[in-house]
Structures are given as C-alpha cells and as structure tokens.
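Residue-level listing of the chains:
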Amino acid sequence: MTGLLDHVLGGLALGSVYALVALGFVIIFKASGVLNFAHGSLLLLGGYLTAVLHDDLGFAGALALAVLVTAAVAGAVDRLLLQRIGKDQRAAHVATIATIGVDIVLLTDLARRIGGDLLTLGDPWGDSVRAFGPVTVADSRLAAIAVSAVVIGAVFALFRYTSWGLSLRAAAEDVEAASLMGVRLTRVRMIAWCLAGGLAALAALFLAAFPAPGLERTTGQIALKAFPAAVLGGMASPAGALAGSLLIGLTEALVAGYQSDLHVLGEGFADVAPYAVMVLVLLVRPTGLFGAKGAVRV
C-alpha cells in the first residue's frame with residue numbers, strides 16, 4: 001500500500017508538470033490552429049537559461065528571466081515567422097511543419113552548448129524529502145504540485161475573466177466572426193505563444209529537479225509525453241489537457257513502479273505507456289475526453 005501511495009504521489013507530480021506543457025500545446029492550438037513541435041526546444045531553452053544564470057542572479061531571478069526570455073522567443077517565432085505564412089487553415093498546416101524547422105535550429109544550438117553535461121538549476125529544494133507516515137515524498141515533487149496548481153489556476157482565470165481570454169475563445173469558435181467583431185487576432189495569438197513559452201520554461205525546472213539527475217540535452221524530449229495528454233484530452237480543451245496530463249502522469253508512474261510485474265510488456269514500457277493510453281482513448285473517443293464534435297453546415 002505504501003508503494004502504491006508513493007507511485008500515486010509521484011504520478012500526480014509528474015502529471016501536474018505535464019499539464020504545464022500540455023496547456024501550452026492547447027493554448028497555441030486554440031489561438032492559431034498550429035501544433036507547436038518546437039515546444040520541447042522552448043522548454044529546453046528555459047531550463048538552460050535558468051541553469052546558466054542562477055549563479056549570478058540567484059534562483060528566483062534566473063527563473064524569472066528565463067521565463068520572460070523564453071516567452072519572448074516563442075512570441076517572436078509566431079510574430080516574425082509563422083504569422084507571415086498566413087492565418088487560414090492551410091497556412092496553419094504549413095506553420096505546423098515550420099515549427100519542426102524551428103525545433104531543429106533551437107535544439108541543435110542548445111545541444112551544442114549543453115554537450116554531455118548535467119546542469120543544475122539551483123532550485124532551493126535540492127534532494128530533500130519529507131515523510132508523511134510511511135510515505136516519503138521529495139520536496140521538489142510537492143513544490144511541483146503546489147506551483148503547478150497555482151499557475152494552472154491563474155491560466156484558467158485568464159481564460160475566464162480577461163478580455164484576452166474572451167478574445168481567444170471567440171477566435172477559437174470562429175476566426176472570421178471574431179475578426180469582424182474587432183478582435184485583434186495578431187495580438188491574441190502572439191500573447192498565446194508567449195504564455196505557452198513561459199509555461200514551458202517553468203515546466204523545465206521541475207523536469208530537471210530531483211529525483212531527475214539534472215538538465216541534459218534530451219530533457220526537451222520529455223515535452224513529447226505531454227503531447228498525448230493534450231491530444232487525448234481534446235486539443236482545444238484546457239480542462240482536457242489538465243485531465244489528460246494527470247492520467248498520463250499516473251499511468252507512467254504506476255507502470256514504472258510495477259515494471260517487474262509487467263515484464264511481459266517489455267522493458268521500458270513506461271516510456272511508451274503515454275502513447276498507448278492515447279491510442280486506447282482515441283479508439284473510444286476520437287475527439288478526446290473533452291473534445292466536442294464540430295457541426296458542419298452543408
């Protein structure tokens with residue numbers, strides 16, 4: 001029973017971090033119709049900046065600057081490159097392919113800078129742990145759950161109570177109608193990209209914290225595990241991204257924890273478990289857990 005609780009808490013912590021990344025996928029998709037395959041390299045950029053700046057600026061200063069710079073880079077990618085491609089559905093497909101090129105450029109440069117090193121981000125939790133009866137939990141995991149809950153709550157409040165959130169929801173429903181009603185689509189989607197970039201930089205902190213060994217050049221690939229969470233939740237549903245992320249995090253943690261009992265599925269099945277869950281859910285719900293069927297007038 002103790003082992004199960006350990007795995008569940010670890011899965012919730014991992015799922016909460018995946019939720020930060022999955023929300024980025026969803027926000028960008030709602031604002032621009034683009035699947036951002038450069039999200040992993042943006043995450044790695046945020047983590048790298050925190051790692052190299054924390055000695056000079058302190059942990060809080062380095063993290064804040066990393067979030068701002070990553071947000072600015074994400075916004076610049078959209079404003080200076082992707083928006084020049086166009087804003088219709090066909091242009092969104094081309095822009096999605098363009099994000100693969102952006103990912104290659106960023107990832108190549110960051111991998112060259114990081115090399116084979118393991119970088120520490122200077123987080124204040126270190127390798128400390130807390131005991132709650134028979135259950136032992138790393139402080140970094142508790143911090144991941146707490147910080148993610150606050151940030152995700154703030155993002156949902158932005159969707160619900162701000163003019164930008166209203167504009168984003170209107171544009172997601174009908175781009176042409178929103179434009180005719182005075183919604184500044186260019187600004188709405190650029191802010192969405194900036195917000196997604198900032199969330200990715202924050203997620204990098206917890207993906208590189210204990211019990212992970214640190215930030216390495218492959219850390220950005222972990223963002224790809226949040227992509228199934230966004231898909232199975234429904235690409236246009238922030239609530240679905242949250243639910244999907246928690247499901248993916250719990251699945252991965254439980255499969256990894258009970259790997260010896262699941263040896264028939266092969267070694268390392270925890271790495272592919274998120275994608276297996278995504279396929280199973282989509283077989284039953286092709287639009288995702290929270291996805292809605294679109295109505296088409298003929």
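One structure accompanies this document, and this report is about it. (Residues numbered from 1 in each chain as written. Predicted model: local features only at pLDDT ≥ 70, side-chain atom pairs only at ≥ 80, totals over all residues. Heavy atoms only, no water.)

**Things to note about the pairing of strand 1 (residues 129–132)**
Point 1. Sheet topology note: the strand 1/strand 2 (residues 135–138) ladder contains 4 bridges and is antiparallel. Bridging across to strand 2, Val129 finds its partner in Ala138.
Point 2. What sits between the antiparallel neighbours strand 1 and strand 2 is a turn of 2 residues, in which Gly133 has the positive phi angle 65 degrees. (Pairing = 2+ DSSP bridges. Helix = DSSP H or I, 4+ residues; strand = E, 2+ residues; numbered from the N terminus.)

**Overview of a nonpolar patch on the surface**
Point 1. Nonpolar side chains collect at one region of the surface, where Phe37, Ile97, Ile100 and Ile104 lie side by side and expose about 360 Å² of accessible area between them.
Point 2. Within the secondary structure layout, Ile97 lies in helix 3 (residues 89–114).
Point 3. Of the residues examined, Ile97 reaches a relative accessible area of 59% and is grouped as exposed. (Patch = residues over 30% accessible without salt bridge, like charges linked within 9 Å, V, L, I, M, F, W, Y side chains within 5 Å. Areas by Shrake-Rupley, 256 points an atom, 1.4 Å probe, with all protein chains shown as cover. Salt bridge = Lys/Arg side-chain N within 4 Å of Asp/Glu carboxyl O. Buried < 20%, exposed > 50% of the residue type's maximum accessible area, 1.4 Å probe, protein only.)

**Concerning helix 8 (residues 223–233)**
Point 1. Most of helix 8 sits inside the fold, with 10 of its 11 residues counted as buried.
Point 2. Every buried residue belonging to helix 8 is among Ala223, Lys225, Ala226, Phe227, Pro228, Ala229, Ala230, Val231, Leu232 and Gly233, and all of these are buried.
Point 3. Once helix 8 ends, the next one or two residues include Gly234, with phi positive near 110 degrees.

**A short note on the packing of helix 4 (residues 139–161) against helix 5 (residues 163–173)**
Point 1. Orientation of helix 4 relative to helix 5, taken along the N-to-C sense of each, is 75 degrees, at an axis distance of 5 Å. By the criterion of interaxial angle, the relationship of helix 4 to helix 5 is roughly perpendicular. Contact residues: Leu158, Phe159, Arg160 and Tyr161 in helix 4; Ser163, Trp164, Gly165, Leu166, Leu168 and Arg169 in helix 5.
Point 2. In the contact of helix 4 with helix 5, the residues fall into 6 nonpolar, 2 polar and 2 charged. (Axes fitted to C-alpha atoms, helices over the stretch in contact; angles between N-to-C directions. Parallel < 35°, antiparallel > 145°, perpendicular 65-115°, else oblique. Contact = heavy atoms within 4.5 Å. Nonpolar A, V, L, I, M, F, W, Y, C, P; charged D, E, K, R; others polar.)

**Here we look at the packing of aromatic side chains**
Point 1. Under the definition given, this model contains 6 aromatic pairs.
Point 2. Where Phe59 meets Trp125, the ring centres are 6.0 Å apart and the plane angle is 80 degrees; that geometry is what we call edge-to-face. Of the two residues, Phe59 is situated in helix 2 (residues 39–85) and Trp125 in the loop between helix 3 and strand 1; the sequence distance between them amounts to 66 residues.
Point 3. A relative accessible area of 22% means that Trp125 is categorised as partly exposed.
Point 4. With centroids separated by 6.4 Å and ring planes inclined at 90 degrees, the aromatic side chains of Phe156 and Phe159 adopt a geometry described as edge-to-face. In this pair, Phe156 and Phe159 both sit in helix 4, 3 residues apart, roughly one turn of the helix.
Point 5. Of the residues examined, Phe156 reaches a relative accessible area of 27% and is grouped as partly exposed. (Phe/Tyr/Trp six-rings, centres within 6.5 Å; stacked < 30°, edge-to-face > 60°.)

**Focus: the layout of surface pockets**
Point 1. One number sums up the size of the second largest pocket: a volume of about 570 Å³.
Point 2. In terms of lining, the second largest pocket is formed by 28 residues, of which the most central are Leu14, Arg141, Leu207, Pro211 and Ala212.
Point 3. Of all the elements in the fold, those that place two or more residues in the lining of the second largest pocket are helix 1 (2–32), helix 4, helix 7 (185–208), helix 9 (238–257) and helix 10 (269–284).
Point 4. Tallying contributions element by element places helix 1 first for the lining of the second largest pocket, with 8 residues.
Point 5. Of the residues contributing to the lining of the second largest pocket, the split by class is 16 nonpolar, 6 polar and 6 charged. (1 Å grid on protein atoms, 1.4 Å probe; cavity = no way out; pocket = protein on both sides within 12 Å on 5 of 7 lines; lining within 4 Å. Points joined across faces, edges and corners; volume = space filled by probe spheres on them.)

**Regarding helix 9**
Point 1. Spanning 20 residues, helix 9 covers 29 Å between terminal C-alpha atoms, matching the ideal 28 Å at 1.5 Å per step.
Point 2. Among the residues of helix 9, those classed as buried are Pro238, Gly240, Ala241, Gly244, Ser245, Ile248, Gly249, Thr251, Glu252, Ala253 and Val255. (Expected span 1.5 Å × (residues − 1).)

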